[in-house]
Structures are given as structure tokens and as C-alpha cells.
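Structural overview
Here is what each chain is made of, one letter per residue.
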Amino acid sequence: MSYDRDILDRKVGRNAQLFAQAIARLDTARARFPYLRILVCLIEKAHPEWTRPEPRPRRVARLAEKMSGGALCPEEVAAVAQARDDERSPRSNGQKVKR
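Computed from a prediction, not measured in an experiment: that's the story for all the values here.

1. Overview of the overall build of the protein
A count of helical and extended segments in the protein gives four helices and zero strands. Reading the secondary structure of the protein in the N-to-C direction produces α-α-α-α. In the protein, buried positions account for 36% of the 99 residues. For the protein, the proportion of contacts with a sequence separation of at least 24, taken over those separated by at least 6, is 55%. Carbon and sulfur atoms make up 50% of the accessible area of the protein, which totals about 6,900 Å².

2. Regarding a nonpolar patch on the surface
On the surface, Tyr35, Ile38 and Leu42 cluster together into a nonpolar patch covering about 260 Å² of accessible area. Tracing the sequence through the fold places Tyr35 in helix 2 (residues 29-46).

3. Considering the side chain of His47
By the element assignment, His47 lies in the loop between helix 2 and helix 3 (56-67). Excluding its chain neighbours within four sequence positions, the residues that come into contact with His47 are Asp9, Lys11, Val12 and Leu63.

4. Concerning the packing of aromatic side chains
Taken as a whole and assessed by the stated rule, the structure comprises one aromatic pair. Between Phe19 and Tyr35 the ring centres are 6.2 Å apart and the planes differ by 80°, which places this aromatic pair in the edge-to-face class. In this pair, Phe19 is assigned in helix 1 (residues 14-24) and Tyr35 in helix 2, connecting sequence segments 16 residues apart. Under the relative-accessibility criterion, Tyr35 is labelled partly exposed at 39%.

5. Thoughts on helix 3
Helix length check: helix 3 (twelve residues) gives 16 Å between terminal C-alpha atoms against 16 Å at 1.5 Å per residue, within 8%. All buried positions along helix 3 are accounted for by Arg56, Pro57, Val60, Ala61, Leu63, Ala64 and Met67. When helix 3 is viewed along its axis, its buried side chains cluster within an angular range of 165° and face the same direction. Phi turns positive one or two residues past the end of helix 3, at Gly69, with a value near 75°.

6. Looking at the nonpolar core
General note: in soluble globular proteins, nonpolar side chains tend to be found buried as a group. Grouped together as the largest cluster of nonpolar side chains are 21 residues, with contacts concentrated most on Leu39, Ile43, Met67, Leu72 and Val77. Residue assignment for this core shows that the elements contributing at least two residues are helix 1, helix 2, helix 3 and helix 4 (74-88). In this view, Leu72 contacts Ala20, Ile23, Ala24, Arg32, Leu36, Leu39, Ala64, Glu65 and Val77; residues no more than four positions away in its chain are not counted.

Conventions adopted
- Residues numbered from 1 in each chain as written.
- Predicted model: local features only at pLDDT ≥ 70, side-chain atom pairs only at ≥ 80, totals over all residues.
- Heavy atoms only, no water.
- Helix = DSSP H or I, 4+ residues; strand = E, 2+ residues; numbered from the N terminus.
- Buried < 20%, exposed > 50% of the residue type's maximum accessible area, 1.4 Å probe, protein only.
- Contact = heavy atoms within 4.5 Å.
- Areas by Shrake-Rupley, 256 points an atom, 1.4 Å probe, with all protein chains shown as cover.
- Patch = residues over 30% accessible without salt bridge, like charges linked within 9 Å, V, L, I, M, F, W, Y side chains within 5 Å.
- Salt bridge = Lys/Arg side-chain N within 4 Å of Asp/Glu carboxyl O.
- Phe/Tyr/Trp six-rings, centres within 6.5 Å; stacked < 30°, edge-to-face > 60°.
- Expected span 1.5 Å × (residues − 1).
- Arc of directions from axis to C-beta.
- Core = buried A, V, L, I, M, F, W, Y, C linked by side-chain atoms within 4.5 Å.

Here's what the structure looks like:
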């Protein structure tokens, strides 16, 4: 099977790249949201070295945009990545960390 594009990021892989392109064809942000969460998770698992929380959503968004051929909105992907970070944060919603 031949593909018209090379793999952009070998750590993430071709299937994730094809997935990003398929997500970009969905009509609404609401329809894309659950799939973007999966794509963001795949990218984060492939790049654990991106540990600093601040630039990570932007880096993930830029990679997702490149993987989709520029069809995905980087702001939308960054918002999903930031939402994932906020959910995992022990201090989300102003709650104190229990020790």
C-alpha cells in the first residue's frame, strides 16, 4: 500500500497521522472533540519528553496541525490538550492537594 505523504513523526506513527486527517474532515468542533482527545493522548504518549505543562499544548497542537496537512485548527487542538492537562492537575478547580 502506498501513501502520498511521508510519516511526519515516527514516534506517533502513520496511523495517528491518518487519524488526524480523518478528524479534520468532521464538520463541527463538537464532533471532533472526542477524537481530538484521543489524538492528543497518542501524541503525549509518544512524546513523554514534552513534560513542561506550559508549551506542551502548543507543541501538541502544532504537530496535530502538521499531521492533518494543515486542516486541523491549532487553537482547537491546544484547547483540548489544555483541558486534558487541567483534568490531570491535582489543583484543578481550586482544590487543595491532599497529602
